[in-house]
Amino acid sequence: MKEFVIFGGDLFGQKTQDLIDHKDLLEECGFFVPGGWVIAVEVFGRWMEVNGFDETTEEQEVKESSPTEEITTINKQLLETLEPENYLFRSSALGEHGGTGVYHSEPIAIRKNTDLADIWEAERAVYASCFSDLARVYRKKRSTTDFGMAILIQQALNQKDFWYKAYTSRYGQPAIKSVNINDGGIVDSYNLEILNKMDSLKQRAGRDFYLELIDGDNTLICVQCAPYFDPILTPIESMSSASELVAQGTDILGEHGRFEAKYLVLTELKQWFRSGIHLLRKFNRCFTDYIVVIPPGVTTDLLDKDKRLQWEDLSNATGVIQPVRSISDLDAKNLAFLYQFREISTEEYTCLSRDFSFMNLAGGHIEDLLRCLGIHFIGGEVKTEIIRDLSSANQYGEGLTFWEIPTEIVIDRISGEGRLYLCGQPQPLSRLSPLELEQYSFYLRGLAKQEKGSSEVANAFYRVHYFVGEIADSGDGQLEDLLETLETSKTSKDQMITDLEIFLASGKILRQEVGQYLCELLEKVRSL
């Protein structure tokens with residue numbers, strides 16, 4: 001199957017569109033691009049309309065949805081066409097050049113007993129990933145309004161030895177990373193055949209490309225490609241004397257530049273394995289724009305799928321700092337997950353890979369996670385004693401301390417290092433922090449459960465609970481932005497006034513600060 005067969009429209013998502021647009025060019029340069037079947041974005045749009053879905057629909061609801069008549073008709077054609085082989089139903093979202101790992105692809109084995117329900121189950125899994133929390137965070141952080149999903153169906157190709165990520169030029173040099181399929185080890189790869197073909201591609205296209213390649217039968221198969229912008233790097237000036245350098249390292253990951261944050265978070269090693277990830281996940285739900293210092297080795301120690309860091313643990317973070325520990329502390333299992341970069345020179349090429357010049361103690365598994373969420377990583381020396389000496393510290397459970405303090409993380413690709421600066425003095429948190437509002441919100445929910453004999457009071461409690469939660473989610477928990485929150489809330493102004501009055505009159509306010517806050521909230525709503 002060399003060509004692409006299209007169903008239902010003219011929009012194919014960026015992954016598919018790039019393969020279609022550059023197929024001839026890639027094959028002229030010695031790469032093979034397998035064809036496939038494409039279910040267009042328009043089919044996804046019509047399926048949403050029939051089911052009454054929009055961008056706010058919950059992922060679970062999508063996972064329980066039914067196909068449209070159009071999708072069923074397409075699937076009947078697919079069943080008549082697909083040979084008994086293993087296939088991959090690949091996500092091809094709008095606005096996602098090169099793939100990020102945000103959207104899901106689903107494998108399926110086509111056999112004699114495969115039916116329409118099996119085909120729809122695979123398609124539905126791809127569609128549902130467009131509604132996942134991970135996808136929402138990805139789109140929000142990139143301020144993109146692109147929403148739509150095509151599905152690219154391709155035969156699952158036999159992978160021989162290596163899978164490659166290749167850049168015709170990255171930070172001024174060609175770069176290749178390869179994964180040994182047999183043992184999972186991730187190594188720097190110097191492959192003259194690939195470099196020659198990449199050079200030919202750049203010369204013919206007149207621009208840089210990003211490619212994902214796998215070994216085939218005596219050929220290199222391109223499963224993903226995208227035009228790549230190799231940024232022109234400029235030196236980053238030193239911070240002013242008023243700023244204090246608290247972390248510096250060369251095990252860096254992230255875009256070149258300066259990135260600001262509002263909170264600084266320090267986790268304690270002694271608590272990490274028992275509750276660290278749980279605490280970090282809860283903190284991440286309440287706060288955005290923070291930089292977190294995690295214990296040495298955490299990202300490589302937690303290789304077990306159930307224990308390692310996941311996207312929901314860090315999705316709202318600006319940066320992650322990890323103190324580098326001794327190489328000798330790492331066991332063989334950890335070392336198998338480390339990128340090892342070195343400079344390799346020949347008369348024809350200088351292939352410089354310094355993205356992770358300190359053995360990348362972050363571990364290979366976390367790289368794509370951080371990239372797709374726009375999180376910057378620094379592994380290096382951290383002056384934790386300076387952090388601990390800061391005043392106005394706030395505890396979040398056992399083992400997690402945070403400060404409201406302006407911070408800045410710098411990723412300098414020219415020097416090959418990352419730095420963390422404190423840019424001011426810590427401030428006490430506002431009287432009603434997002435954390436406190438969340439606690440109050442759950443307190444209100446508990447009160448509602450006590451009112452089993454009064455549905456009116458219970459319903460009022462629940463509406464107040466969700467409204468307080470919306471204030472917490474909208475920003476720093478202050479009442480100044482209450483009007484905007486009320487306008488986007490499902491509860492009207494009059495209904496909120498009634499609910500607050502019922503709640504305050506019920507006599508169930510057991511904590512003075514809760515009652516004081518809700519009295520202020522009532523007066524504020526009345527004045528809008």
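Residues numbered from 1 in each chain as written. Predicted model: local features only at pLDDT ≥ 70, side-chain atom pairs only at ≥ 80, totals over all residues. Heavy atoms only, no water.

**A few points about unusual backbone geometry**
Right, on to step 1. Its identity as a non-glycine residue notwithstanding, D289 has a phi of 55 degrees, on the positive side.
Right, on to step 2. Tracing the backbone shows D289 in the loop between α8 (269-286) and β14 (290-293).
Right, on to step 3. For D289, a relative accessible area of 41% corresponds to the partly exposed category.
Right, on to step 4. Of note in the backbone geometry, S392 takes a positive phi value of approximately 55 degrees without being a glycine. (Helix = DSSP H or I, 4+ residues; strand = E, 2+ residues; numbered from the N terminus. Buried < 20%, exposed > 50% of the residue type's maximum accessible area, 1.4 Å probe, protein only.)

**With respect to the nonpolar core**
Right, on to step 1. In this structure, W47 and Y127 are the most contacted members of the largest nonpolar core, which totals 59 residues.
Right, on to step 2. Not counting the four nearest positions on each side in its chain, Y127 is found in contact with I39, V43, F44, W47, V62, I71, W120, M149 and I151.
Right, on to step 3. Counting 24 residues, the second-largest nonpolar core is a separate cluster that includes L25, A40, A166 and L195. (Core = buried A, V, L, I, M, F, W, Y, C linked by side-chain atoms within 4.5 Å. Contact = heavy atoms within 4.5 Å.)

**Some remarks on the side chain of E417**
Right, on to step 1. The residue E417 is located in strand β21 (residues 417-422) in this model.
Right, on to step 2. Here E417 falls in the buried class, since its relative accessible area comes to 18%.
Right, on to step 3. For E417, the side chain forms a polar contact with the side chain of Q248, separated by 3.0 Å.
Right, on to step 4. Beyond its immediate chain neighbours, meaning those up to four positions away, E417 contacts Q248, G249, T250, I252, V410, I411 and D412. (Polar contact = N/O pair within 3.5 Å; in protein donor to acceptor, adjacent residues only side chain to side chain.)

**Describing the side chain of T168**
Right, on to step 1. Residue placement: T168 occurs in strand β7 (residues 162-170).
Right, on to step 2. Under the relative-accessibility criterion, T168 is labelled buried at 8%.
Right, on to step 3. Within the local environment of T168, its side chain forms a polar contact with the side chain of D208, the two groups lying 3.1 Å apart.
Right, on to step 4. Of note is the side chain of T168, whose polar atom sits 2.7 Å from the backbone nitrogen of F209.
Right, on to step 5. Apart from the residues within four sequence positions on either side, T168 is in contact with Q173, P174, M198, L201, K202, R207, D208 and F209.

**A few points about the sheet that holds strand β6 (residues 149-155)**
Right, on to step 1. Read across the open sheet, the five strands follow the order β1-β3-β6-β4-β5; overall the sheet is mixed. Both outer strands of the open sheet, β1 (4-7) and β5 (106-109), are each paired with one neighbouring strand and no more. Between one strand and the next, the sheet's axes are offset by a mean angle of 20 degrees, whatever the strand orientation.
Right, on to step 2. Strand direction decides the pairing type here: β1 and strand β3 (residues 36-39), joined by four bridges, are parallel. Bridge pairing in β3 links I6 to V38.
Right, on to step 3. Across the sheet, helix α4 (residues 69-81) lies against β1, β3 and β6, angled at about 175 degrees from β3, the strand it touches most. (Pairing = 2+ DSSP bridges. Axes fitted to C-alpha atoms, helices over the stretch in contact; angles between N-to-C directions.)

**Remarks on helix α5 (residues 116-129)**
Right, on to step 1. A rise of 1.5 Å per residue sets the reference length of α5, with its 14 residues, at 20 Å; its end C-alpha atoms lie 20 Å apart and thus fit the reference within 8%.
Right, on to step 2. Buried residues of α5: I119, W120, A122, E123, V126, Y127, A128 and S129, and no others.
Right, on to step 3. Here α5 starts with a cap whose side-chain oxygen sits 3.2 Å from the backbone nitrogen of A117, and that cap is D115. (Expected span 1.5 Å × (residues − 1).)

**Re the pattern of salt bridges**
Right, on to step 1. A complete count under the given rule lists 13 salt bridges for this structure.
Right, on to step 2. We note a salt bridge from E27 to K23, for which the minimum N-O separation is 3.2 Å. Here E27 pairs with K23, and both are found in helix α1 (residues 13-28), just four residues apart, close to one helical turn.
Right, on to step 3. When its relative accessible area of 5% is taken as the criterion, K23 is described as buried.
Right, on to step 4. Salt-bridge contacts for D313 lead to R281; the nearest nitrogen and oxygen are separated by 2.7 Å. With a gap of 32 residues between them, D313 in helix α10 (residues 311-314) and R281 in helix α8 connect regions that are remote in the sequence. (Salt bridge = Lys/Arg side-chain N within 4 Å of Asp/Glu carboxyl O.)

**Points about the packing of aromatic side chains**
Right, on to step 1. This model, assessed by the stated rule, comprises 21 aromatic pairs.
Right, on to step 2. When the centroid spacing of 5.9 Å and the interplanar angle of 55 degrees are considered together, the rings of F44 and F147 count as tilted. Of this pair, F44 sits in helix α2 (residues 41-51) while F147 is found in the loop between α6 (133-141) and β6, placing the two residues 103 residues apart along the sequence. Each member of the pair F44 and F147 is classed as buried.
Right, on to step 3. With a centroid separation of 6.4 Å and an interplanar angle of 70 degrees, the aromatic rings of W47 and F131 are classed as edge-to-face. Taken as a pair, W47 in helix α2 and F131 in the loop between α5 and α6 lie far apart in primary sequence, 84 residues in all. We note that W47, like F131, is buried.
Right, on to step 4. Taken together through their ring pairs, the aromatic side chains of F44, W47, F53, W120, Y127, F131 and F147 make up a single cluster. (Phe/Tyr/Trp six-rings, centres within 6.5 Å; stacked < 30°, edge-to-face > 60°.)

**Description of helix α17 (residues 493-505)**
Right, on to step 1. Taking 1.5 Å per residue, 13 residues should reach 18 Å; α17 reaches 18 Å between its end C-alpha atoms and fits that length.
Right, on to step 2. When we look at burial in α17, the residues that qualify are M496, I497, D499, L500, I502 and F503.

**As for the packing of α4 against α5**
Right, on to step 1. With their axes 10 Å apart at the nearest point, α4 and α5 run at an angle of 120 degrees to one another. By the angle between their directions, the pair α4 and α5 is classed as oblique. Both α4 and α5 take part in a crossing whose hand is right-handed. In this structure, α4 contributes I71, T72, N75, K76, L78 and L79 to the contact, and α5 contributes L116, I119, W120, E123 and Y127.
Right, on to step 2. Classifying every residue of the contact of α4 with α5 by side-chain character gives seven nonpolar, two polar and two charged. (Parallel < 35°, antiparallel > 145°, perpendicular 65-115°, else oblique. Left-handed = near helix turned anticlockwise from the far one by under 90°. Nonpolar A, V, L, I, M, F, W, Y, C, P; charged D, E, K, R; others polar.)

Purely geometric numbers; function is a separate question.
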